[in-house]
Amino acid sequence: MAEPQDGADERSEPQLLGERREKLERLRGAGIEPFPAEFAGRVEIAAVHAAHDGLEAGEETEDAYRVAGRIAARRGHGKAAFIDLVDASGRLQLHSRADVLGAEVHERLAGLDLGDIVGVDGVAFATRRGELSLQVTGWTLLAKSLRPPPDKFHGLEDTELRYRHRELDLIANPESRELFRKRGATIAATREWLDAEGFVEVETPVLQPLYGGALARPFTTHHNALDRDLYLRIATELYLKRCVVGGIDRVYELGKDFRNEGVSYKHNPEFTMLEWYEAYADYSDAARRHENLVAHVAERVLGTTTVERGGVEIDLAPPWRRVTLRDAIRERTGVDVLEHPTREALAAAMDSEASPDDGWGKLVDGLLSKEVEPHLIQPTFVIDYPVETSPFAKRHRSEDGLVERWEAYVGGFEISNAYSELNDPDEQRRRFAEQAEELRRGDDEAQPFDQTYIEALEYGMPPTAGVGLGIDRLVMLLTGAASLREVVLFPAMRE
RNA sequence: GCCCCCGUAGCUCAACUGGCUAGAGCAGUCGGUUUUUACCCGAAAGGUUGAGAGUUCAAGUCUCUCCGGGGGCACCA
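Residues numbered from 1 in each chain as written. Chains lettered and ligands numbered in written order. Predicted model: local features only at pLDDT ≥ 70, side-chain atom pairs only at ≥ 80, totals over all residues. Heavy atoms only, no water.

Enquirer: Hey, could you run me through the overall build of chain A in this one?
Expert: Broken down by element type, chain A carries 16 helices and 18 strands. If you line up chain A on its principal axes, its C-alpha atoms span 85 × 50 × 50 Å. Taken across its 495 residues, chain A has 48% of its residues classed as buried. Split by element, the accessible area of chain A, about 24,100 Å² in all, is 49% carbon and sulfur. In chain A, 61 positive and 91 negative side-chain charges are present, and the distance between their average locations comes to 3 Å. (Helix = DSSP H or I, 4+ residues; strand = E, 2+ residues; numbered from the N terminus. Buried < 20%, exposed > 50% of the residue type's maximum accessible area, 1.4 Å probe, protein only. Areas by Shrake-Rupley, 256 points an atom, 1.4 Å probe, with all protein chains shown as cover. Lys, Arg positive; Asp, Glu negative; His and termini not counted. Charge placed at Lys NZ, Arg CZ, Asp CG, Glu CD.)

Enquirer: Would you mind showing me how to read the environment of Glu-237 here?
Expert: Residue placement: Glu-237 occurs in helix 9 (residues 237-245). C-alpha separation for the pair Glu-237 and Gly-466, spaced 229 residues apart in sequence, amounts to 8.3 Å. When neighbours within four sequence positions are excluded, Glu-237 is seen to be in contact with Gly-213, Glu-275, Tyr-277, Phe-392, Tyr-419 and Glu-421. Only 2.8 Å separates the side chain of Glu-237 from the side chain of Lys-241, close enough to count as a polar contact. (Contact = heavy atoms within 4.5 Å. Polar contact = N/O pair within 3.5 Å; in protein donor to acceptor, adjacent residues only side chain to side chain.)

Enquirer: Whenever I open this one, the pairing of strand 2 (residues 80-87) confuses me. Can you help?
Expert: Burial of strand 2 is extensive: eight of the eight residues sit out of reach of the surface. Burial along strand 2 is two-sided: the residues Ala-80, Phe-82, Asp-84 and Val-86 and Ala-81, Ile-83, Leu-85 and Asp-87 are all buried. Counting the residues that bridge the hairpin from strand 1 (residues 60-76) to strand 2 gives three residues, and of these Gly-78 lies at a positive phi of roughly 70°. Bridge analysis of strand 2 against strand 3 (residues 90-97) gives eight bridges, and the strand direction is antiparallel. Of the residues in strand 3, the one forming a bridge with Ala-81 is Ser-96. Turn length for the strand 2-strand 3 hairpin, with the two strands adjacent in sequence and antiparallel, is two residues. (Pairing = 2+ DSSP bridges.)

Enquirer: Please explain the nonpolar core as it appears in this structure.
Expert: For soluble globular proteins, the rule of thumb is that nonpolar side chains tend to be buried together. Leu-274, Trp-276, Leu-316, Trp-320 and Trp-406 are the most contacted members of the largest nonpolar core, which has 45 residues in total. Per-element tally for this core: the top contributor is helix 10 (residues 283-302), with eight residues. Excluding anything up to four places from it in sequence, Leu-316 contacts Glu-291, Val-294, Ala-295, Ala-298, Thr-305, Val-307, Pro-379, Val-410, Leu-477 and Leu-478. Counting 37 residues, the second-largest nonpolar core is a separate cluster that includes Val-202, Val-337, Val-364 and Tyr-453. (Core = buried A, V, L, I, M, F, W, Y, C linked by side-chain atoms within 4.5 Å.)

Enquirer: What am I meant to see in the pairing of strand 18 (residues 464-470) here?
Expert: Taken residue by residue, a regular strand's side chains alternate between the two faces of the sheet. Across the seven residues of strand 18, seven count as buried, placing the element largely inside the fold. The side-chain alternation of strand 18 yields two buried faces, one formed by Thr-464, Gly-466, Gly-468 and Gly-470 and the other by Ala-465, Val-467 and Leu-469. Pairing geometry for strand 11 (residues 270-279) and strand 18, over seven bridges, is antiparallel. By the bridge assignment, Ala-279 is partnered in strand 18 with Thr-464. Relative to strand 18, strand 17 (residues 413-420) is paired through five bridges, and the arrangement is antiparallel. Note on strand 18: the bridge partner recorded for Ala-418 is Val-467.

Enquirer: For this particular structure, what's the right way to read the sheet that holds strand 9 (residues 228-232)?
Expert: The strands making up a sheet are joined through hydrogen bonds of the backbone, oriented either antiparallel or parallel. The sheet built from three strands is open, its strands ordered 7-9-8 with antiparallel pairing. Edge strands, defined here as strands with exactly one partner in the open sheet, are strand 7 (207-208) and strand 8 (220-223). Sheet topology note: the strand 8/strand 9 ladder contains four bridges and is antiparallel. From the neighbouring strand, Thr-221 faces strand 9, where its bridge partner is Leu-230.

Enquirer: Explain the protein's contact with RNA strand B to me, please; I cannot follow it from the model alone.
Expert: Inspection of the region around RNA strand B gives 55 residues, with Glu-19, Gly-76, Gln-93, His-267 and Arg-485 positioned closest. When the atoms of RNA strand B within 4 Å of the protein are sorted by group, sugar and phosphate make up 60%. A distance of 2.6 Å separates a base nitrogen of RNA strand B from a polar atom in the side chain of Glu-131. Take Asp-151: an N or O atom from its main chain is 3.2 Å from a sugar or linking oxygen of RNA strand B. The element contributing the most residues to the surface near RNA strand B is helix 6 (residues 159-164), with five residues. Within the surface near RNA strand B, the residues separate by chemical class into 13 nonpolar, 13 polar and 29 charged. (Near = heavy atom within 4 Å. Nonpolar A, V, L, I, M, F, W, Y, C, P; charged D, E, K, R; others polar.)

Enquirer: Just to check I follow, could you spell out unusual backbone geometry for this structure?
Expert: Trans is the prevailing form of peptide bonds, just as negative phi is the prevailing case for residues other than glycine. Residue Pro-319 follows Pro-318 across a cis peptide bond; omega there is 0°. At Asp-227, a position not held by glycine, the phi torsion is positive, near 50°. Assignment of secondary structure puts Asp-227 in the loop between strand 8 and strand 9. Taking relative accessible area as the criterion, Asp-227 reaches 58% and is therefore assigned exposed. Here the phi dihedral of Tyr-280 falls at roughly 60°; this positive angle occurs in a residue that is not glycine. Examined against the element boundaries, Tyr-280 turns out to sit in the loop between strand 11 and helix 10.

Enquirer: Help me understand the sheet that holds strand 18, please; the structure alone is not making it clear to me.
Expert: Strand order in the open sheet made by the eight strands is 6-10-11-18-17-16-15-14, with mixed pairing throughout. Lying at the two open borders of the sheet, with one neighbouring strand each, are strand 6 (200-201) and strand 14 (321-324). Examined bridge by bridge, strand 16 (residues 402-410) and strand 17 share six bridges and lie antiparallel to one another. Residue pairing across strands places Tyr-409 opposite Glu-414, the latter belonging to strand 17. Most of the contacts of helix 9 go to strand 11, to which it runs at about 25°, and overall it touches strand 10 (250-258), strand 11, strand 17 and strand 18. Sitting on the sheet, helix 13 (residues 360-372) touches strand 15 (380-386) and strand 16, and the angle it makes with strand 15 is about 165°. (Axes fitted to C-alpha atoms, helices over the stretch in contact; angles between N-to-C directions.)

This is the structure in structure tokens:
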């Protein structure tokens, strides 16, 4: 659906827009400024409720309040009217009376449109039905609304409109406002926990000369003055480990990564990622931190560590289950991937056919995501991965061909990925070389060779654990959202 | 990229097996209504049925193409 331009729009809904335009001009004609600059001294609607929610039906007070918000509903009664006013903290009923305000002022207030933003002075009372209200003693138009708001009762249900015009979703659907409040609280609680644990928050480049730190296709852009192509980062990993080399022993970054890939219920081309690195720690230490962090955040945001998903209760309280990747796959498929250590042997043992391009590591990864992941509902660390698909993870201290890596799964999807970081520069050089070979063979998600990063490691990086946690997916989990696009304010859409 | 489903008034929805001038609620307009609450009553208005082509005496309904969205598969976090 093409987005109507203003001109076309005026043609397609001339009546509704025209009426509001006329009202605007009438207000100006009456000497009323429809977009004044300020409205000082208002309190939040929640404060009025907090002070008077115990009021008996019919009870009046002498307590005056100044509030402001959007007109959400109106019930006219001739010489009186009820108006529902909404601000970020809640909803409050206003009562306008001709005999209090004078006929003209009352009628002008009652004649405002749904969606208009007003400031109101009024006195608290409770109606006969017992609803806390303000008897309006004065009002000011703060912003005229020139477009009709969504349905006051049904809200805005059309998914496309909700994503493309999130402001309308937020106006019409209180649960949407609540979800994004929880998202904000999740990010705040995450920072709070990391800060309290002594981690230093840093900001590394979004525009990078060379992308890396994950296996993904990047977005490319161009810097005119420098006349060079730059990549939008796919991860913060390599820069953060350079910070560890530099002596920031506990470091994290929370921000957007960009991957030039498909969109799905759990993928958006830009997404919010937390990565943290801790020197003198390994992946087991990181797992303990991770389960504590998530439980802390859940407690802060929801007041509980239990969430529901698909009718199943999930408990995020530590400790989480730990299972090796080998056991997780064996449980589900009966195939012991370590008993079939070559591509050919494993492909022969699998029920499903293997893609001819995939090596042993990718086959194992396929078994994990297809056979195991959907069943990992309760929080689970899947540990010890094939080296092929983990170019930055340290070789397992006792298992050949594996690395010290885990991924955290909850609710049937992955939320995090972590490892004991590879800090041997020579081995890192060999891993880069392997990835560069993959790139040459046409795997456009392989990791390009990063000489600068090798040199950083050559100065010496302490043993370090690193974690990447997908914030959008964590918010999905905490809010029960079915899709990542529900927890991203403005998800990527076609033009 | 592939498969399935969907697109009707500003919003939420109707319209039988293809059949009369595409209906209703909310919102909006006009009139009435001084404690209502999805307020109520009356009147008038509001549509290129996502776009285009085709089949047919007749298309919102059937066919094709395109656009957009949702769900699934594949890939990824």
